Amino acid sequence: MRFYHLSAWMHSTVFYHTITHHLVTRTLIGGLLATATVASSTQSIALHARFTPDRLGVPTNLSATGQLASADGGIPSPVTKVAFYTPAGARIDLRGAGTCTAVKLERVGPSACPANSRAGFGGGVGLFQLAGETIREQFTVDLFLAPREAGHLALLAYVRATNPASIELVLTAREIKAPKPYGLGFSVEVPLIPTIPGASDASVESAFITLGSPNVAYYETVHGKRALQRLRGLISPKTCPPGGFPFQSAFDFADGTTTTANALIPCPRS
Amino acid sequence: MRLSTVTLALLTLTALPSAALADPTTATIVPSLSPDRLGAHAALTLTIHYSGGELGVPAPVRRSVLRFPAGMSISVPTLHSCSTRRLRTDGAGGCPAQARLGGGHALLEGRAGSQIITETIALSAFLGSPHNLQPAFEVLGQGYTPYDQRTVLTGAVTQSDPPYGEGITMTTPAIHTVPLEPDASIVTLSLTVGRRHARTAPAIVVPRSCPAGGFPFAAEFTYADGSHSATSTTVRCPS
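Just so we're clear, the structure is a prediction, and the values are computed from it rather than from any experiment.

Student: Please clarify how the overall build of chain B should be interpreted in this entry.
Tutor: A count of helices and strands for chain B gives two helices and 13 strands. The principal-axis extents of the C-alpha atoms in chain B amount to approximately 80 × 45 × 30 Å. Of all 239 residues assigned to chain B, the portion counted as buried reaches 36%. Residue pairs in contact within chain B that sit at least 24 positions apart in sequence constitute 65% of those at least 6 positions apart.

Written as C-alpha coordinates, this is what we have:
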(Lines give C-alpha, C1' and ligand atoms only; values in the text may rest on other atoms or scores of the structure.)
Protein backbone atom coordinates (compact mmCIF):
# COMPACT_ATOMS: atom_id res chain seq x y z
CA MET A 1 0.00 0.00 0.00
CA ARG A 2 2.80 2.31 0.85
CA PHE A 3 4.54 1.46 -2.39
CA TYR A 4 1.36 2.13 -4.27
CA HIS A 5 1.00 5.50 -2.66
CA LEU A 6 4.53 6.57 -3.41
CA SER A 7 4.42 5.26 -6.95
CA ALA A 8 1.11 6.86 -7.81
CA TRP A 9 2.16 10.05 -6.23
CA MET A 10 5.46 10.20 -8.02
CA HIS A 11 3.69 9.56 -11.29
CA SER A 12 0.92 12.05 -10.85
CA THR A 13 2.60 14.79 -8.88
CA VAL A 14 6.22 14.90 -9.92
CA PHE A 15 5.78 14.26 -13.59
CA TYR A 16 2.31 15.39 -14.43
CA HIS A 17 1.28 17.66 -11.59
CA THR A 18 -2.28 16.54 -11.94
CA ILE A 19 -3.36 16.44 -8.34
CA THR A 20 -5.96 19.14 -8.07
CA HIS A 21 -8.20 19.45 -5.10
CA HIS A 22 -11.78 20.49 -5.48
CA LEU A 23 -12.32 24.13 -5.02
CA VAL A 24 -13.63 24.95 -1.61
CA THR A 25 -15.23 28.17 -0.55
CA ARG A 26 -13.75 28.99 2.78
CA THR A 27 -11.78 31.81 4.30
CA LEU A 28 -8.43 33.45 3.80
CA ILE A 29 -5.12 31.88 4.83
CA GLY A 30 -3.24 35.05 5.55
CA GLY A 31 -4.30 37.84 7.78
CA LEU A 32 -3.33 41.36 8.47
CA LEU A 33 -0.16 41.41 10.35
CA ALA A 34 1.60 43.80 12.61
CA THR A 35 5.04 44.48 13.93
CA ALA A 36 5.38 42.02 16.74
CA THR A 37 6.38 38.50 17.61
CA VAL A 38 3.99 36.68 19.85
CA ALA A 39 4.19 33.04 20.76
CA SER A 40 1.50 30.62 21.81
CA SER A 41 2.38 27.35 23.48
CA THR A 42 3.44 25.78 20.20
CA GLN A 43 3.44 28.44 17.46
CA SER A 44 5.11 31.84 17.11
CA ILE A 45 4.44 34.56 14.55
CA ALA A 46 6.77 37.40 13.49
CA LEU A 47 4.63 40.13 12.00
CA HIS A 48 5.34 43.33 10.09
CA ALA A 49 2.93 45.78 8.50
CA ARG A 50 3.00 49.16 6.80
CA PHE A 51 0.98 51.64 4.80
CA THR A 52 2.11 52.53 1.27
CA PRO A 53 1.89 55.45 0.75
CA ASP A 54 2.56 56.21 4.39
CA ARG A 55 0.35 59.28 4.71
CA LEU A 56 -2.77 60.19 6.65
CA GLY A 57 -6.23 60.14 5.08
CA VAL A 58 -5.25 58.97 1.60
CA PRO A 59 -5.91 55.91 -0.56
CA THR A 60 -3.26 53.46 0.49
CA ASN A 61 -2.04 49.89 0.49
CA LEU A 62 -1.91 47.98 3.74
CA SER A 63 0.84 45.39 3.40
CA ALA A 64 1.71 42.72 5.90
CA THR A 65 4.14 39.87 6.16
CA GLY A 66 4.17 37.06 8.66
CA GLN A 67 6.63 34.33 9.52
CA LEU A 68 5.25 31.34 11.40
CA ALA A 69 7.33 28.90 13.40
CA SER A 70 6.76 25.99 15.71
CA ALA A 71 8.31 26.01 19.14
CA ASP A 72 9.42 22.40 18.75
CA GLY A 73 11.26 23.13 15.51
CA GLY A 74 8.83 21.13 13.39
CA ILE A 75 6.40 22.53 10.90
CA PRO A 76 3.70 24.82 12.33
CA SER A 77 0.26 23.36 12.86
CA PRO A 78 -2.14 24.17 10.00
CA VAL A 79 -3.92 27.51 10.35
CA THR A 80 -7.69 27.09 10.80
CA LYS A 81 -8.82 30.65 11.39
CA VAL A 82 -7.47 34.18 11.18
CA ALA A 83 -9.06 37.30 12.62
CA PHE A 84 -7.53 40.71 12.13
CA TYR A 85 -8.39 44.24 13.12
CA THR A 86 -7.21 47.37 11.33
CA PRO A 87 -6.58 50.70 13.04
CA ALA A 88 -9.58 52.85 13.97
CA GLY A 89 -10.24 55.45 11.29
CA ALA A 90 -9.21 53.21 8.42
CA ARG A 91 -12.10 52.82 6.00
CA ILE A 92 -12.87 51.38 2.60
CA ASP A 93 -14.23 53.63 -0.16
CA LEU A 94 -16.04 51.37 -2.59
CA ARG A 95 -17.06 54.04 -5.13
CA GLY A 96 -16.41 52.67 -8.60
CA ALA A 97 -15.53 49.24 -7.30
CA GLY A 98 -17.06 46.07 -8.69
CA THR A 99 -17.50 42.67 -7.14
CA CYS A 100 -16.70 39.09 -8.01
CA THR A 101 -18.29 35.86 -6.86
CA ALA A 102 -16.89 32.66 -5.46
CA VAL A 103 -18.63 30.73 -8.24
CA LYS A 104 -16.79 32.69 -10.94
CA LEU A 105 -13.46 32.19 -9.20
CA GLU A 106 -14.11 28.50 -8.73
CA ARG A 107 -15.19 27.89 -12.31
CA VAL A 108 -12.86 30.17 -14.26
CA GLY A 109 -10.33 31.77 -11.92
CA PRO A 110 -9.25 35.38 -11.41
CA SER A 111 -9.63 36.26 -15.09
CA ALA A 112 -13.39 35.99 -14.63
CA CYS A 113 -13.45 38.83 -12.13
CA PRO A 114 -13.82 42.45 -13.24
CA ALA A 115 -10.67 44.56 -12.89
CA ASN A 116 -12.42 46.96 -10.54
CA SER A 117 -13.20 44.14 -8.10
CA ARG A 118 -9.53 43.50 -7.40
CA ALA A 119 -8.73 44.25 -3.78
CA GLY A 120 -5.16 43.05 -3.37
CA PHE A 121 -2.54 40.38 -3.76
CA GLY A 122 -0.45 38.11 -1.65
CA GLY A 123 1.38 34.85 -1.38
CA GLY A 124 3.83 32.95 0.71
CA VAL A 125 5.42 29.61 1.35
CA GLY A 126 3.48 26.58 2.49
CA LEU A 127 4.82 23.44 4.08
CA PHE A 128 3.90 19.82 4.30
CA GLN A 129 5.63 16.77 5.60
CA LEU A 130 6.21 13.51 3.81
CA ALA A 131 8.14 10.53 5.14
CA GLY A 132 9.82 12.78 7.68
CA GLU A 133 10.90 15.31 5.07
CA THR A 134 9.61 18.86 4.88
CA ILE A 135 8.49 20.04 1.46
CA ARG A 136 8.14 23.78 0.78
CA GLU A 137 5.81 25.15 -1.84
CA GLN A 138 5.08 28.69 -2.95
CA PHE A 139 1.49 29.87 -3.12
CA THR A 140 -0.19 33.02 -4.43
CA VAL A 141 -3.25 34.91 -3.26
CA ASP A 142 -5.54 37.13 -5.35
CA LEU A 143 -8.05 39.22 -3.41
CA PHE A 144 -11.37 40.42 -4.76
CA LEU A 145 -14.31 42.30 -3.38
CA ALA A 146 -17.39 40.14 -2.97
CA PRO A 147 -21.02 41.27 -2.74
CA ARG A 148 -21.92 42.43 0.74
CA GLU A 149 -23.30 39.78 3.07
CA ALA A 150 -26.08 41.10 5.29
CA GLY A 151 -24.67 44.57 4.87
CA HIS A 152 -21.16 43.53 5.76
CA LEU A 153 -18.08 43.68 3.56
CA ALA A 154 -16.64 40.45 2.23
CA LEU A 155 -13.43 39.61 0.41
CA LEU A 156 -12.69 36.58 -1.73
CA ALA A 157 -9.22 35.09 -1.74
CA TYR A 158 -8.16 32.87 -4.60
CA VAL A 159 -5.31 30.80 -3.21
CA ARG A 160 -3.23 28.90 -5.70
CA ALA A 161 -0.22 26.61 -5.55
CA THR A 162 0.98 24.54 -8.46
CA ASN A 163 4.09 22.59 -7.69
CA PRO A 164 4.58 19.93 -6.34
CA ALA A 165 0.99 19.80 -5.09
CA SER A 166 -1.66 21.56 -7.15
CA ILE A 167 -4.07 23.41 -4.90
CA GLU A 168 -6.79 25.93 -5.63
CA LEU A 169 -9.00 27.36 -2.93
CA VAL A 170 -11.52 30.17 -2.82
CA LEU A 171 -11.75 31.55 0.68
CA THR A 172 -14.01 34.23 2.10
CA ALA A 173 -12.99 36.89 4.60
CA ARG A 174 -16.05 38.36 6.31
CA GLU A 175 -16.26 41.70 8.06
CA ILE A 176 -16.70 41.39 11.81
CA LYS A 177 -17.19 43.93 14.56
CA ALA A 178 -13.87 45.23 15.82
CA PRO A 179 -13.31 46.15 19.46
CA LYS A 180 -11.77 49.51 20.40
CA PRO A 181 -9.18 50.79 19.45
CA TYR A 182 -9.59 49.03 16.12
CA GLY A 183 -11.59 49.95 13.03
CA LEU A 184 -12.32 47.26 10.49
CA GLY A 185 -12.29 43.62 11.46
CA PHE A 186 -12.28 40.55 9.24
CA SER A 187 -12.50 36.88 10.04
CA VAL A 188 -11.28 34.09 7.83
CA GLU A 189 -11.86 30.40 8.32
CA VAL A 190 -9.36 28.07 6.68
CA PRO A 191 -10.12 24.43 5.98
CA LEU A 192 -7.55 21.73 6.41
CA ILE A 193 -5.82 21.62 3.04
CA PRO A 194 -4.77 18.18 1.81
CA THR A 195 -1.59 18.19 -0.24
CA ILE A 196 -0.62 14.85 -1.74
CA PRO A 197 -1.46 11.30 -0.71
CA GLY A 198 0.50 10.20 2.33
CA ALA A 199 1.64 13.72 3.21
CA SER A 200 0.46 16.03 5.96
CA ASP A 201 -2.05 18.81 5.44
CA ALA A 202 -0.66 22.17 4.39
CA SER A 203 0.85 24.51 6.94
CA VAL A 204 2.02 28.06 6.40
CA GLU A 205 5.65 29.03 6.89
CA SER A 206 5.32 32.61 5.65
CA ALA A 207 2.66 34.77 4.08
CA PHE A 208 2.31 38.27 2.72
CA ILE A 209 -0.76 40.26 1.82
CA THR A 210 -1.35 43.69 0.31
CA LEU A 211 -4.82 45.21 0.52
CA GLY A 212 -5.80 48.37 -1.27
CA SER A 213 -6.06 49.96 -4.68
CA PRO A 214 -4.34 53.34 -4.83
CA ASN A 215 -3.41 54.26 -8.41
CA VAL A 216 -5.83 51.65 -9.76
CA ALA A 217 -7.84 53.07 -12.64
CA TYR A 218 -10.01 51.76 -15.41
CA TYR A 219 -11.94 53.15 -18.33
CA GLU A 220 -15.70 53.40 -18.23
CA THR A 221 -18.08 54.75 -20.80
CA VAL A 222 -20.18 57.50 -19.24
CA HIS A 223 -22.85 59.20 -21.42
CA GLY A 224 -21.14 57.83 -24.51
CA LYS A 225 -17.69 59.07 -23.53
CA ARG A 226 -14.79 56.95 -22.38
CA ALA A 227 -13.60 58.26 -19.04
CA LEU A 228 -10.85 57.18 -16.68
CA GLN A 229 -12.23 56.20 -13.30
CA ARG A 230 -9.91 56.00 -10.32
CA LEU A 231 -10.53 53.70 -7.40
CA ARG A 232 -9.80 54.79 -3.84
CA GLY A 233 -10.16 51.52 -1.94
CA LEU A 234 -8.59 51.45 1.50
CA ILE A 235 -8.21 54.91 3.07
CA SER A 236 -5.68 55.41 5.84
CA PRO A 237 -6.87 57.04 9.09
CA LYS A 238 -6.87 60.85 9.17
CA THR A 239 -5.08 60.92 12.50
CA CYS A 240 -2.49 58.72 14.12
CA PRO A 241 -2.74 57.98 17.84
CA PRO A 242 0.34 58.45 20.03
CA GLY A 243 2.63 55.50 19.57
CA GLY A 244 1.29 54.51 16.19
CA PHE A 245 -1.55 52.61 14.56
CA PRO A 246 -2.67 49.59 16.56
CA PHE A 247 -3.14 46.20 14.93
CA GLN A 248 -4.34 42.96 16.27
CA SER A 249 -4.31 39.57 14.66
CA ALA A 250 -5.33 36.19 16.02
CA PHE A 251 -4.47 32.85 14.47
CA ASP A 252 -6.19 29.60 15.39
CA PHE A 253 -4.31 26.40 14.66
CA ALA A 254 -5.41 22.83 14.09
CA ASP A 255 -3.68 21.74 17.29
CA GLY A 256 -6.19 23.84 19.22
CA THR A 257 -3.86 26.68 20.12
CA THR A 258 -4.39 30.36 19.37
CA THR A 259 -1.73 33.01 18.84
CA THR A 260 -2.67 36.66 19.24
CA ALA A 261 -0.37 39.45 18.07
CA ASN A 262 -0.74 43.10 19.04
CA ALA A 263 1.49 45.61 17.38
CA LEU A 264 1.88 49.17 16.15
CA ILE A 265 2.64 50.72 12.80
CA PRO A 266 4.64 53.92 13.32
CA CYS A 267 2.84 57.18 12.56
CA PRO A 268 3.78 58.87 9.26
CA ARG A 269 6.69 61.30 9.63
CA SER A 270 4.83 64.18 8.01
CA MET B 1 12.69 2.99 0.54
CA ARG B 2 14.90 3.78 -2.44
CA LEU B 3 11.85 4.80 -4.39
CA SER B 4 10.87 7.06 -1.52
CA THR B 5 14.26 8.75 -1.58
CA VAL B 6 14.17 9.25 -5.32
CA THR B 7 10.68 10.60 -5.14
CA LEU B 8 11.57 13.02 -2.41
CA ALA B 9 14.56 14.24 -4.37
CA LEU B 10 12.43 14.82 -7.43
CA LEU B 11 9.79 16.49 -5.34
CA THR B 12 12.36 18.77 -3.80
CA LEU B 13 13.69 19.64 -7.23
CA THR B 14 10.26 20.54 -8.51
CA ALA B 15 9.66 22.68 -5.45
CA LEU B 16 12.76 24.78 -5.98
CA PRO B 17 12.12 28.47 -6.56
CA SER B 18 11.52 28.95 -10.24
CA ALA B 19 14.12 31.73 -10.36
CA ALA B 20 16.77 29.04 -10.29
CA LEU B 21 15.32 27.56 -13.47
CA ALA B 22 14.39 30.82 -15.19
CA ASP B 23 15.50 31.52 -18.73
CA PRO B 24 17.93 34.40 -18.89
CA THR B 25 16.45 37.67 -20.11
CA THR B 26 17.55 38.64 -23.61
CA ALA B 27 16.71 41.49 -25.94
CA THR B 28 16.53 42.26 -29.61
CA ILE B 29 16.53 45.66 -31.31
CA VAL B 30 14.93 46.67 -34.59
CA PRO B 31 15.85 50.15 -35.84
CA SER B 32 14.29 51.80 -38.86
CA LEU B 33 14.78 55.13 -40.58
CA SER B 34 12.14 57.14 -42.37
CA PRO B 35 12.93 58.37 -44.94
CA ASP B 36 15.62 55.83 -45.55
CA ARG B 37 17.89 58.16 -47.51
CA LEU B 38 21.50 59.28 -47.09
CA GLY B 39 21.83 62.75 -45.60
CA ALA B 40 18.11 63.01 -44.90
CA HIS B 41 16.46 64.58 -41.89
CA ALA B 42 14.57 61.55 -40.69
CA ALA B 43 12.66 59.83 -37.94
CA LEU B 44 14.41 56.93 -36.20
CA THR B 45 12.18 54.27 -34.69
CA LEU B 46 13.87 51.87 -32.31
CA THR B 47 11.90 48.84 -31.15
CA ILE B 48 13.27 46.73 -28.32
CA HIS B 49 11.79 43.36 -27.40
CA TYR B 50 12.73 41.58 -24.18
CA SER B 51 12.12 37.88 -23.64
CA GLY B 52 12.91 35.08 -21.20
CA GLY B 53 12.87 35.58 -17.46
CA GLU B 54 11.10 33.91 -14.57
CA LEU B 55 7.67 32.53 -15.53
CA GLY B 56 8.05 34.18 -18.92
CA VAL B 57 8.31 37.71 -17.52
CA PRO B 58 11.63 39.34 -18.44
CA ALA B 59 13.73 40.74 -15.61
CA PRO B 60 13.28 44.52 -15.28
CA VAL B 61 15.90 46.41 -17.26
CA ARG B 62 17.87 48.92 -15.23
CA ARG B 63 20.50 50.26 -17.64
CA SER B 64 20.60 50.36 -21.42
CA VAL B 65 23.50 51.43 -23.60
CA LEU B 66 22.33 52.14 -27.13
CA ARG B 67 24.97 52.61 -29.81
CA PHE B 68 24.25 54.34 -33.12
CA PRO B 69 26.14 54.39 -36.41
CA ALA B 70 29.12 56.73 -36.73
CA GLY B 71 28.02 59.97 -38.34
CA MET B 72 24.40 59.73 -37.24
CA SER B 73 23.30 62.71 -35.17
CA ILE B 74 20.23 64.47 -33.93
CA SER B 75 19.38 67.98 -35.06
CA VAL B 76 17.65 70.10 -32.45
CA PRO B 77 16.91 73.53 -33.97
CA THR B 78 15.62 75.17 -30.79
CA LEU B 79 17.19 74.34 -27.47
CA HIS B 80 14.35 73.97 -25.01
CA SER B 81 14.68 71.41 -22.27
CA CYS B 82 12.56 69.84 -19.58
CA SER B 83 13.72 68.59 -16.19
CA THR B 84 13.12 65.11 -14.82
CA ARG B 85 11.42 66.66 -11.81
CA ARG B 86 8.95 68.58 -13.93
CA LEU B 87 8.13 65.49 -15.98
CA ARG B 88 7.53 63.51 -12.81
CA THR B 89 5.24 66.08 -11.26
CA ASP B 90 3.43 67.57 -14.25
CA GLY B 91 3.76 64.97 -16.97
CA ALA B 92 4.27 65.77 -20.63
CA GLY B 93 1.93 68.77 -20.42
CA GLY B 94 4.31 70.47 -18.03
CA CYS B 95 7.11 70.68 -20.58
CA PRO B 96 7.56 73.06 -23.52
CA ALA B 97 6.45 71.49 -26.78
CA GLN B 98 9.77 72.50 -28.36
CA ALA B 99 11.60 70.19 -25.94
CA ARG B 100 9.75 67.15 -27.26
CA LEU B 101 11.93 64.89 -29.37
CA GLY B 102 9.48 62.10 -30.10
CA GLY B 103 7.23 59.46 -28.67
CA GLY B 104 6.12 55.89 -28.71
CA HIS B 105 4.69 53.20 -26.55
CA ALA B 106 5.73 50.29 -24.37
CA LEU B 107 4.15 47.19 -22.91
CA LEU B 108 4.78 46.41 -19.26
CA GLU B 109 4.22 43.14 -17.44
CA GLY B 110 4.26 42.48 -13.76
CA ARG B 111 3.46 39.47 -11.62
CA ALA B 112 1.01 39.96 -8.77
CA GLY B 113 -0.66 37.10 -6.98
CA SER B 114 -1.31 34.39 -9.54
CA GLN B 115 -1.65 36.89 -12.35
CA ILE B 116 0.59 38.52 -14.93
CA ILE B 117 -0.73 42.04 -15.24
CA THR B 118 -0.06 43.97 -18.42
CA GLU B 119 -0.20 47.67 -19.06
CA THR B 120 0.37 49.75 -22.17
CA ILE B 121 2.15 53.01 -21.52
CA ALA B 122 2.64 56.04 -23.72
CA LEU B 123 6.20 57.30 -24.14
CA SER B 124 7.26 60.89 -24.69
CA ALA B 125 10.92 61.74 -25.26
CA PHE B 126 12.25 65.15 -24.23
CA LEU B 127 15.51 66.98 -24.30
CA GLY B 128 16.64 67.11 -20.69
CA SER B 129 18.80 69.57 -18.82
CA PRO B 130 22.44 69.21 -19.94
CA HIS B 131 24.59 67.04 -17.71
CA ASN B 132 28.32 67.89 -17.59
CA LEU B 133 27.79 69.95 -20.76
CA GLN B 134 26.51 66.83 -22.53
CA PRO B 135 22.96 66.63 -23.88
CA ALA B 136 20.59 64.61 -21.76
CA PHE B 137 17.35 62.88 -22.64
CA GLU B 138 14.27 62.08 -20.64
CA VAL B 139 11.62 59.56 -21.59
CA LEU B 140 8.32 59.88 -19.79
CA GLY B 141 6.25 56.71 -19.49
CA GLN B 142 2.61 57.31 -18.63
CA GLY B 143 0.20 54.46 -18.00
CA TYR B 144 -3.43 54.77 -17.00
CA THR B 145 -4.94 51.37 -16.45
CA PRO B 146 -4.85 49.22 -14.43
CA TYR B 147 -2.35 51.51 -12.67
CA ASP B 148 -2.43 55.25 -13.17
CA GLN B 149 1.21 56.13 -12.74
CA ARG B 150 4.21 57.57 -14.51
CA THR B 151 7.89 56.87 -14.65
CA VAL B 152 10.81 58.77 -16.15
CA LEU B 153 13.79 57.15 -17.86
CA THR B 154 16.87 59.33 -18.01
CA GLY B 155 19.61 59.19 -20.61
CA ALA B 156 22.98 60.76 -21.31
CA VAL B 157 24.96 60.93 -24.51
CA THR B 158 28.12 58.83 -24.59
CA GLN B 159 30.80 58.10 -27.18
CA SER B 160 31.27 54.62 -28.58
CA ASP B 161 34.11 52.93 -30.38
CA PRO B 162 33.88 52.45 -34.18
CA PRO B 163 31.89 51.37 -36.08
CA TYR B 164 29.57 53.22 -33.77
CA GLY B 165 29.47 56.92 -33.10
CA GLU B 166 27.42 58.46 -30.36
CA GLY B 167 25.39 56.41 -27.96
CA ILE B 168 22.88 56.91 -25.22
CA THR B 169 23.09 55.39 -21.77
CA MET B 170 19.58 55.14 -20.34
CA THR B 171 18.67 54.45 -16.73
CA THR B 172 15.30 52.88 -16.03
CA PRO B 173 14.01 53.22 -12.48
CA ALA B 174 12.21 50.42 -10.68
CA ILE B 175 8.58 50.40 -11.78
CA HIS B 176 6.67 49.46 -8.65
CA THR B 177 3.32 47.75 -8.92
CA VAL B 178 1.92 46.49 -5.62
CA PRO B 179 3.88 46.45 -2.36
CA LEU B 180 5.55 43.07 -1.73
CA GLU B 181 5.08 42.07 -5.36
CA PRO B 182 7.83 42.12 -8.03
CA ASP B 183 8.48 45.30 -9.99
CA ALA B 184 7.06 45.55 -13.50
CA SER B 185 9.18 44.76 -16.53
CA ILE B 186 9.27 46.31 -19.96
CA VAL B 187 8.42 43.64 -22.51
CA THR B 188 8.44 45.77 -25.64
CA LEU B 189 9.32 49.37 -26.26
CA SER B 190 9.02 51.34 -29.46
CA LEU B 191 10.27 54.91 -29.55
CA THR B 192 10.42 57.24 -32.51
CA VAL B 193 12.76 60.23 -32.29
CA GLY B 194 12.73 63.06 -34.81
CA ARG B 195 10.38 63.92 -37.63
CA ARG B 196 10.59 63.14 -41.32
CA HIS B 197 12.00 65.99 -43.42
CA ALA B 198 12.00 68.29 -40.38
CA ARG B 199 14.11 71.43 -40.53
CA THR B 200 12.48 73.38 -37.71
CA ALA B 201 11.81 70.42 -35.43
CA PRO B 202 14.12 67.76 -34.00
CA ALA B 203 15.23 65.19 -36.56
CA ILE B 204 17.76 62.42 -36.95
CA VAL B 205 20.43 63.31 -39.50
CA VAL B 206 21.23 60.21 -41.54
CA PRO B 207 24.95 59.97 -42.46
CA ARG B 208 25.87 60.94 -46.02
CA SER B 209 27.64 57.63 -46.54
CA CYS B 210 26.74 54.10 -45.53
CA PRO B 211 29.36 51.54 -44.49
CA ALA B 212 29.51 48.21 -46.25
CA GLY B 213 26.97 45.93 -44.63
CA GLY B 214 24.69 48.72 -43.52
CA PHE B 215 24.31 51.08 -40.59
CA PRO B 216 25.34 49.28 -37.39
CA PHE B 217 23.26 49.51 -34.21
CA ALA B 218 24.01 47.79 -30.91
CA ALA B 219 22.67 47.68 -27.40
CA GLU B 220 23.70 46.32 -24.04
CA PHE B 221 21.30 45.84 -21.18
CA THR B 222 21.73 45.34 -17.46
CA TYR B 223 18.81 43.82 -15.57
CA ALA B 224 17.58 44.08 -12.01
CA ASP B 225 18.69 40.53 -11.27
CA GLY B 226 22.27 41.51 -12.15
CA SER B 227 22.34 39.73 -15.49
CA HIS B 228 23.37 41.32 -18.78
CA SER B 229 22.58 40.84 -22.44
CA ALA B 230 23.81 42.38 -25.65
CA THR B 231 22.51 42.53 -29.18
CA SER B 232 23.39 44.16 -32.47
CA THR B 233 21.89 44.58 -35.90
CA THR B 234 22.25 46.60 -39.07
CA VAL B 235 19.96 48.72 -41.16
CA ARG B 236 20.40 48.06 -44.85
CA CYS B 237 22.05 50.90 -46.76
CA PRO B 238 19.60 53.04 -48.73
CA SER B 239 19.39 51.89 -52.34
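Student: I'm lost on the pairing of strand E7 (residues 118-130) of chain A in this one. Help?
Tutor: Put simply, side chains in a regular strand alternate between the two faces of the sheet. Residue and element names in this part refer to chain A. Among the 13 residues of E7, 11 are classified as buried, and the element is accordingly described as predominantly covered. Taken together, the 12 bridges between E7 and strand E8 (residues 133-149) define a ladder with antiparallel strand orientation. Each residue of the ladder has a partner; that of Phe128, found in E8, is Ile135. Once E7 ends, the chain turns through two residues before running back antiparallel as E8, passing Ala131 with a positive phi of about 50 degrees.

Student: Quick question: what am I supposed to make of unusual backbone geometry here?
Tutor: With an omega dihedral of 0 degrees, the bond running from Thr52 of chain A to Pro53 of chain A counts as a cis peptide bond. Structurally, the position occupied by Pro53 of chain A is in the loop between strand E3 (43-52) and strand E4 (61-70). Here the residue pair Ser34 of chain B and Pro35 of chain B is connected by a cis peptide bond, since its omega of 0 degrees sits within 30 degrees of zero. Along the chain, Pro35 of chain B turns up in the loop between strand E1 (23-34) and strand E2 (41-53). One non-glycine residue with positive phi stands out, namely His223 of chain A, at about 50 degrees. For His223 of chain A, the location among the structural elements is in the loop between strand E13 (217-222) and strand E14 (225-230).

Rules behind the numbers
Residues numbered from 1 in each chain as written. Chains lettered and ligands numbered in written order. Predicted model: local features only at pLDDT ≥ 70, side-chain atom pairs only at ≥ 80, totals over all residues. Helix = DSSP H or I, 4+ residues; strand = E, 2+ residues; numbered from the N terminus. Buried ≥ 20, exposed ≤ 12 C-beta atoms within 10 Å, placed from the backbone. Contact = placed C-beta atoms within 7 Å. Pairing = 2+ DSSP bridges.

Note that all results are geometric; they support no functional claim without further evidence.
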